[in-house]
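Next come the chains, spelled out residue by residue.
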Amino acid sequence: MKSSDFHFSKSWKAALPIILTLITAILLATGCSSTPIRLYKGPERPASEIATLRGELETTHKFLVGINKRVHIMKVDKKTTYNILDAMVNAPPKTVQLLPGKHDVYLKFEQYDRFAHCKVWFIAQAGRSYRAKSETRGYGVRFWIEDEVTDLPVGGVKGSVDEPAAPNPPDQ
């Protein structure tokens, strides 16, 4: 067989740019996944003026990483932080930067073939870091947000009786 005998069919030639574009998009999405998502308007602010919320990523299993549990931050105050590329490449949970005040957070639990969703609220304080957490019990999943310094839960489930009526912070 001569090298001139090998050629792509017309359907492959048409699909090749699409395939290359998808591969490039996936590589870009995975390369940018460690950058925090800023969920406020205006210029970047110092850490003392904002709060940070991280998703949870268990790293117990090194070989079968799909068994590790994840808590993704899907939305904060109706602003999407998770996209289809994140799902396609099994991206790690994101970190978001917020202004102080009350925030509504939509979380997704993921472990192997188990999924759960929940809406929670919390009041962010400037200069503090928080982590979205989960715990499985039988077939149920419990969600909460925890202060990373004190390890104490903050906020609660959206719609609970202890949820304050405070509006979301301005500038968001």
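So, a few notes on the structure that sits alongside this text. Starting from 1, residues in each chain are numbered consecutively following that chain's sequence as written. Local features are withheld for residues below a pLDDT of 70 in this predicted model, meaning they are given only at 70 or higher, and side-chain atom pairs are given and counted only at 80 or more; totals for whole chains, interfaces and linings count all residues. Only hydrogens and water are set aside when side-chain values are computed; all heavy atoms of the structure are taken into account.

## Section: the overall build of the chain
Put simply, the rule is: Secondary structure follows DSSP: runs of H or I at least 4 residues long count as helices, runs of E at least 2 residues long count as strands, and numbering of each begins at the N terminus. Here's how the labels work: a residue is buried when its accessible area is under 20% of the maximum for its type, exposed when over 50%, partly exposed in between, all with a 1.4 Å probe on protein chains only. Between two residues, a contact is recorded if the distance between any of their heavy atoms is within 4.5 Å. Only the protein chains shown count as cover for residues, and all accessible areas are computed by the Shrake-Rupley method using a 1.4 Å probe.
Helices and strands together make up the secondary structure of the chain, namely 2 helices and 12 strands. N-terminal to C-terminal, the α/β element order of the chain is α-β-β-β-β-β-α-β-β-β-β-β-β-β. When the 172 residues of the chain are sorted by exposure, 33% land in the buried category. Considering only contacts in the chain between residues 6 or more positions apart, those separated by 24 or more positions represent 63%. Surface summary for the chain: the accessible area is close to 10,800 Å², and the carbon and sulfur share equals 60%.

## Here we look at the pattern of salt bridges
Selection rule: A pair is scored as a salt bridge if a Lys or Arg side-chain nitrogen falls within 4 Å of a carboxyl oxygen belonging to Asp or Glu.
In the structure shown here, the tally under the stated rule is 12 salt bridges. With a shortest N-O distance of 3.8 Å, Glu 148 and Arg 54 are connected by a salt bridge. Pair noted here: Glu 148 is in the loop between strand E10 (140–147) and strand E11 (153–154) and Arg 54 is in strand E2 (residues 51–54), with a separation of 94 residues, a long-range link. Exposure remark for Glu 148: the relative accessible area of 27% places this residue in the partly exposed category. Where Asp 104 meets Lys 158, a salt bridge forms, and the shortest distance between an N and an O atom there is 3.5 Å. Within this pair, whereas Asp 104 is found in strand E7 (residues 101–111), its partner Lys 158 is found in the segment after strand E12 (156–157), the two being separated by 54 residues in sequence.

## Topic: the sheet that holds strand E1 (residues 37–38)
In a beta sheet, neighbouring strands pair by backbone hydrogen bonds and run either parallel or antiparallel. Note the threshold: For two strands to count as paired, DSSP must find a minimum of two bridges between them.
If you walk across this open sheet you meet the 6 strands as E1-E6-E2-E9-E10-E11, and the pairing is mixed. Where the open sheet ends on each side, the last strands, each with one partner, are E1 and E11.

## Let's talk about the nonpolar core
Going by this rule: Put simply, buried Ala, Val, Leu, Ile, Met, Phe, Trp, Tyr and Cys residues joined by side-chain atoms within 4.5 Å make one nonpolar core.
The biggest cluster of nonpolar side chains holds 20 residues, and the ones touching the most others in it are Leu 53, Val 105, Leu 107, Phe 122 and Phe 143. For this core, the elements supplying multiple residues, two or more each, are E2, strand E4 (70–76), strand E6 (95–98), E7, strand E8 (114–124), strand E9 (129–137) and E10. Sorting elements by how many residues they give to this core places E8 first, with 5 residues. Sequence-distant contacts of Leu 53, defined by excluding residues within four places in its chain, comprise Ile 73, Lys 94, Thr 95, Val 96, Leu 98, Val 105, Phe 122, Tyr 130, Arg 131, Ala 132 and Ile 145.

## A look at the packing of aromatic side chains
Rules: Here is the rule: rings of Phe, Tyr and Trp (six-membered ring for Trp) pair when centre to centre is within 6.5 Å. Planes less than 30 degrees apart are stacked, more than 60 are edge-to-face, and the remainder are tilted. Any Lys NZ or Arg CZ found within 6 Å of a ring centre and within 35 degrees of that ring's normal is scored as a charge over the ring.
A complete count under the given rule lists 1 aromatic pair for this structure. Across from the ring centre of Trp 144, 4.1 Å away, lies the NZ or CZ of Arg 142, which sits over that ring.

## Observations concerning the pairing of E10
Pairing of E9 with E10 involves 8 bridges; the strand directions are antiparallel. Along E10, the bridge assignment pairs Glu 135 with Arg 142. In this structure, the hairpin formed by E9 and E10 is closed by a connection of 2 residues, where Gly 138 is found at a positive phi of approximately 60 degrees. For E10 and E11, the ladder comprises 2 bridges, and the chain directions are antiparallel. Bridge pairing in E11 places Glu 146 opposite Pro 153. With antiparallel pairing between neighbouring strands as the criterion, E10 and E11 make up a hairpin whose turn holds 5 residues, including Asp 151 at a positive phi of roughly 60 degrees.

## Overview of the pairing of E6
Neither face of E6 is left uncovered, since the one carrying Thr 95 and Gln 97 and the one carrying Val 96 and Leu 98 both have all their residues buried. By the bridge criterion, 4 bridges tie E2 to E6 in an arrangement that is antiparallel. Note that in E6 the partner of Thr 52 across the bridge is Gln 97.

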